[in-house]
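# Observations on the three-dimensional arrangement
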Amino acid sequence: MRHDAFQFFSFVSVPHCGFGEKQAVQSLHLRGTKPRLCEAAQIRRRHSPRLFGEATASRSEFVKTAVMNLEPSLDAAQGENKAEAVPSEGLQKITRALISVSDKTSLREFAQFLVDHAVEIVSTGGTAEKLRSFGIPVIEVSDYTGFPEILDGRVKTLVPKIHGGLLGIRGNALHEEAMKAHGIEYIDMVVVNLYPFEDTVRKNGSHNECIESIDVGGPTLIRAAAKNHASVTVVTDVRHYSEVMSDMSENDGCTTFALRRHLAASAFSLCASYDSAIAAWFMEGLGKALPERITLGGVLKQRLRYGENPHQAAAFYIDPKGMPQPGIATAEQIQGKELSYNNILDTDAAFRLVSEFKEPACAIIKHSNPCGCATGVSAEDAYLRALACDPISAFGGIVAFNRTIDKSVAEQITKVFTEVVIAPDASAEALVALSEKKSTRVLLTGGMPDPRAPLLGFRSVVGGFLVQALDTKMVNMDEIKVVTKRSPNESEMRDLLFAWKVCKHVKSNAIVYARNGATVGIGAGQMSRIDSSRIAAWKAQEASRQAEEEAIRTSGSVVASDAFFPFADGLIAAADAGATAVIQPGGSKRDAEVIAAADERGLAMVFTGVRHFLH
């Protein structure tokens, strides 16, 4: 018995949990017996003078004394109740529950379960009315507290009888005395979900509607119950109903400390996420995208097998705030294996890229970089042109479309090993064709995201994180400045604008060669811009050789650079590869030298005044 008692005590040990010694011993009493076997509470009162009157030389001596003094009393309690062994796991009998929910899914089944386990139910307004319609006995909260709901329901449960019943510590003599003096009884369970503030925002609710959707009483109940999870069970999600019912069924109407602690953690996470959404809405209304304090809230969508590498843990969360954009977070997976961390990153990159184009477009992505991108007269045409850029790298890639996938393009996709296909929609015939490759993940989004929509990006660093507005800048013709003697012709200008859109989505240093609305060579992620230019040209040369083409594909192409050429060598390499026109931000100290090199070779060059670094 001594060993078991010490285990109970150490679980809430004085040195580690910051409890006072008296509270720790009281916690031992609480977790050593069921409340309905409350001889233990009487034992505590009988032995309190002996326990707390003796001076102890140290905390360790105190623990030893407490356990030794408790041991005979707990044995006695167990002996007096031989029909029931003293329960472990900090069991707490549920005798009274407060239920106030906006989401009434599965409410009938859960409430009936509680009633079947002799739980008294106290409830508010609409929830109480719904429970009565189910024939479930319920006490209206105003009848329970003796205080009416006021201020159009803004004040329902913010009264001492409710919060005293939640926050009172079982076995604490001072708490029990105060509760008795004020007619407060314990509440063992709180079942609350919050006003749907985020849904109101998503539905473009008015300012007043959003304000009225901010829950006050709900989070207060949740926080009180979660704080006192040593005795109180807090249920904030309908998905937790089954866990609670299972726990109570297995423990004769009691919940375990393990479950209560788990539910308390979920409850505090919910409150933090909820407050984060409200704060973000206020800051957005004030035009403060980057406030003094920033909070992040997410809802778990998927636990991933691992992160970028097998030894890294990972999960996928969705942002509950605001209007969701069609994309990887909202897509429906039609078939294929579970998405991996790398799949999600690459699929997002691919879908963002094709969203830049109004005409049919396809992008093929590997390691977050395009290995091919093209526009075309159809999805199939765009796919074949994108694939031609670098068919070797496309193996095992992510393929994204901005148009519905039809049977013809689906059949083309199945000829190449493809990890993920994402598109706004797909025909029934296309899905049949794709189903031949059962491991290929097929995602349908139902639409395209707005490439101009403001979004924030986050990157962790040691001790903090960086936040920036994502690069949604789109250059228009008014911003483009011709800096060479020769201006681009109409065909070159179309390709320059195409290449510039693609270049924004390539890791820096980025060089993109394009011709006739398709990439023909991409150089990504090099430390030197000249190396990116050479790699892109070499890639194009290799693709031409494999296709047995006489001319290198960069001949007659245009080239885009995500940042200025610091020296003329990068531009000269592009000219040597056969490029006839260049688009770049400009802004180098050596712009004059670069412009002169372009003029010497008859190139047309335009400056955008916008840099597109991507790390």
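Residues numbered from 1 in each chain as written. Predicted model: local features only at pLDDT ≥ 70, side-chain atom pairs only at ≥ 80, totals over all residues. Heavy atoms only, no water.

The next thing to look at is the packing of aromatic side chains. Enumeration according to the criterion identifies 6 aromatic pairs in this entry. Seen in terms of ring centroids, Phe357 and Phe498 are 5.4 Å apart; in terms of plane orientation they differ by 35°. Their pairing is tilted. Of this pair, Phe357 sits in the loop between helix 16 (341–354) and strand 11 (361–366) while Phe498 is found in helix 20 (residues 490–503), placing the two residues 141 residues apart along the sequence. Since its relative accessible area comes to 6%, Phe357 is described here as buried. On the accessibility criterion, Phe498 (5% relative accessible area) is buried. Plain terms: the ring middles of Phe458 and Phe465 are 6.2 Å apart, the flat faces sit at 55° to each other, and that makes the pair tilted. In this structure, Lys161 is placed above the aromatic ring of Tyr144, and the distance from its NZ or CZ to the ring centre is 4.7 Å. (Phe/Tyr/Trp six-rings, centres within 6.5 Å; stacked < 30°, edge-to-face > 60°. Helix = DSSP H or I, 4+ residues; strand = E, 2+ residues; numbered from the N terminus. Buried < 20%, exposed > 50% of the residue type's maximum accessible area, 1.4 Å probe, protein only. Lys NZ or Arg CZ within 6 Å of the ring centre and 35° of its normal.)

Roughly 570 Å³ of internal volume is contained in the second largest pocket. If you trace the second largest pocket, you find 27 residues lining it, with Glu356, Phe357, Glu359, Leu497 and Lys501 closest to the centre. Examining the composition of the lining of the second largest pocket, we find that 7 residues originate from one element, helix 20, more than from any other. When residues of the lining of the second largest pocket are assigned to domains, at least three map to each of domain 2 (323–444) and domain 3 (479–607). (1 Å grid on protein atoms, 1.4 Å probe; cavity = no way out; pocket = protein on both sides within 12 Å on 5 of 7 lines; lining within 4 Å. Points joined across faces, edges and corners; volume = space filled by probe spheres on them. Domains from an automatic or database assignment.)

Bringing the pattern of salt bridges into the picture now. For the structure on display, the rule yields 18 salt bridges. Residue Arg352 pairs with Asp348 through a salt bridge whose shortest N-O separation is 3.1 Å. Of the two residues, Arg352 and Asp348 are both situated in helix 16; the distance of 4 residues between them amounts to about one turn of the helix. Glu542 is paired through a salt bridge with Arg545; the nearest N and O atoms lie 2.8 Å apart. Separated by 3 residues within a single helix, Glu542 and Arg545 lie in helix 21 (residues 529–546), roughly one turn from each other. Counted as one network, the salt bridges with shared partners bring together Arg96, Glu120 and Glu185. (Salt bridge = Lys/Arg side-chain N within 4 Å of Asp/Glu carboxyl O.)

Two modes of strand pairing occur in sheets, parallel and antiparallel, and in both the strands are linked by backbone hydrogen bonds. Read across the open sheet, the 5 strands follow the order 4-3-2-5-6; overall the sheet is parallel. Looking along the sheet, the strands with just one partner apiece sit at the ends: strand 4 (139–140) and strand 6 (233–235). As paired elements, strand 2 (residues 96–100) and strand 3 (residues 120–123) share 4 bridges and run parallel to each other. Counterpart to Ile99 in the pairing with strand 3 is Ser123. (Pairing = 2+ DSSP bridges.)

When pLDDT is averaged along the protein chain, the result is 83, and 85% of the positions lie at 70 or above. Note on residues 1–88: pLDDT is under 50 here. Beyond four places in sequence and across chains, it has 110 contacts. (pLDDT = per-residue confidence, 0-100. Contact = heavy atoms within 4.5 Å.)

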